[in-house]
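# Working through the structure, step by step
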Amino acid sequence: MHKLFLPVLLVILGCLVLSCDSNRVYDEYQTIPSTWNKDSIVTFNLKTIDSVKPYNVFINIRNNSDFDYSNLFLIAQIKFPQGKVITDTLEYEMAAPNGEWLGTGFGDVKESKLWYKQNVIFEETGNYKFSLQQAMRKNGNEEGIENLEGITEVGFRIEDIQN
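Our subject in this report is the structure included herewith. (Residues numbered from 1 in each chain as written. Predicted model: local features only at pLDDT ≥ 70, side-chain atom pairs only at ≥ 80, totals over all residues. Heavy atoms only, no water.)

Our next topic: the overall build of the chain. Summing up its helical and strand segments, the chain has 1 helix and 10 strands in all. Across the chain, the fraction of contacts at a sequence separation of at least 24, relative to all contacts at a separation of at least 6, is 77%. Element-wise, carbon and sulfur atoms account for 52% of the exposed surface of the chain, whose accessible area totals about 10200 Å². (Helix = DSSP H or I, 4+ residues; strand = E, 2+ residues; numbered from the N terminus. Contact = heavy atoms within 4.5 Å. Areas by Shrake-Rupley, 256 points an atom, 1.4 Å probe, with all protein chains shown as cover.)

Quick look at the structure:
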């Protein structure tokens, strides 16, 4: 009896947490292997979305203590269904000046929900492709960091805007 109690309780709690996330329209994560190579692109495909409603868009990052930097630089790209492409170079603060991670979570892994775009209307109908690539560099090095350690997962999230 006691052996079943904990797993059943965890399933019930998990369902409650997921059902409370009513703003979520799209939320997906991809696991990064032991390092994130500078040429490795993480891609998310969005099949259908309301072309009239505005949304907020986020990049979610899970990192552990192997991430040796206080900031994270990313190149984000949106490919629209009819061929238009928007590319952004982004910088996110990942740690406070005292070195404490800004993300949430227990233990070694922290999760950061990072603003990407606000009040976005996906006017074109069809498939959108969102791509992320790490763009980290050490001071004075043009080539960038070949293999970035400490990023365990990269996520992409779209939320309804509450009126």
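Under the criterion given, the structure shown has 11 aromatic pairs. With 5.7 Å between their ring centres and 70° between their planes, F67 and Y69 make a pair best called edge-to-face. Between F80 and Y128 the ring centres are 5.3 Å apart and the planes differ by 65°, which places this aromatic pair in the edge-to-face class. Of this pair, F80 sits in the loop between β5 (71–79) and β6 (85–93) while Y128 sits in strand β8 (residues 128–134), placing them 48 residues apart in sequence. (Phe/Tyr/Trp six-rings, centres within 6.5 Å; stacked < 30°, edge-to-face > 60°.)

Another point: the pairing of strand β3 (residues 42–46). A regular strand places its side chains on the two faces of the sheet in alternate fashion. Here β3 shows a buried face lined by V42, F44 and L46 and an unburied face lined by T43 and N45. Alignment of β3 against β8, held across 5 bridges, turns out to be antiparallel. Of the residues in β8, the one forming a bridge with T43 is S131. (Buried < 20%, exposed > 50% of the residue type's maximum accessible area, 1.4 Å probe, protein only. Pairing = 2+ DSSP bridges.)

For F67, the position within the fold is in the loop between β4 (54–63) and β5. Each C-alpha atom of the pair F67 and G150 lies 3.9 Å from the other, and the pair is 83 residues apart in sequence. Setting aside anything within four residues of it in sequence, one finds F67 in contact with L72, M94, W101, M136, L148, E149, G150 and I151.

This paragraph deals with the pattern of salt bridges. Applying the stated rule across the entire model yields 8 salt bridges. Salt-bridge contacts for K113 lead to E159; the nearest nitrogen and oxygen are separated by 2.5 Å. Of this pair, K113 sits in strand β7 (residues 110–121) while E159 is found in strand β10 (residues 151–160), placing the two residues 46 residues apart along the sequence. According to the relative accessible area criterion, E159 is buried, its value standing at 8%. Shared partners join several salt bridges into a network, and the residues in it are D27, K113, R157 and E159. (Salt bridge = Lys/Arg side-chain N within 4 Å of Asp/Glu carboxyl O.)

Turning next to the side chain of K110. Looking at where K110 falls in the secondary structure, it is placed in strand β7. Apart from the residues within four sequence positions on either side, K110 is in contact with I61, R62, N63, W101, G103, T104 and G105.

The strands that make up a sheet are held in pairs by hydrogen bonds between backbone atoms, and each pair lies either parallel or antiparallel. Spatially, the 4 strands line up as an open sheet ordered β3-β8-β5-β6, and their pairing is antiparallel. Of all strands in the sheet, those with a lone pairing partner are β3 and β6, marking the two edges. Adjacent strand axes in the sheet meet at a mean angle of 20°, parallel and antiparallel pairs treated alike. Judged from the 9 bridges that link them, β5 and β6 form a sheet pairing that is antiparallel. Bridging across to β6, Q77 finds its partner in T87. (Axes fitted to C-alpha atoms, helices over the stretch in contact; angles between N-to-C directions.)

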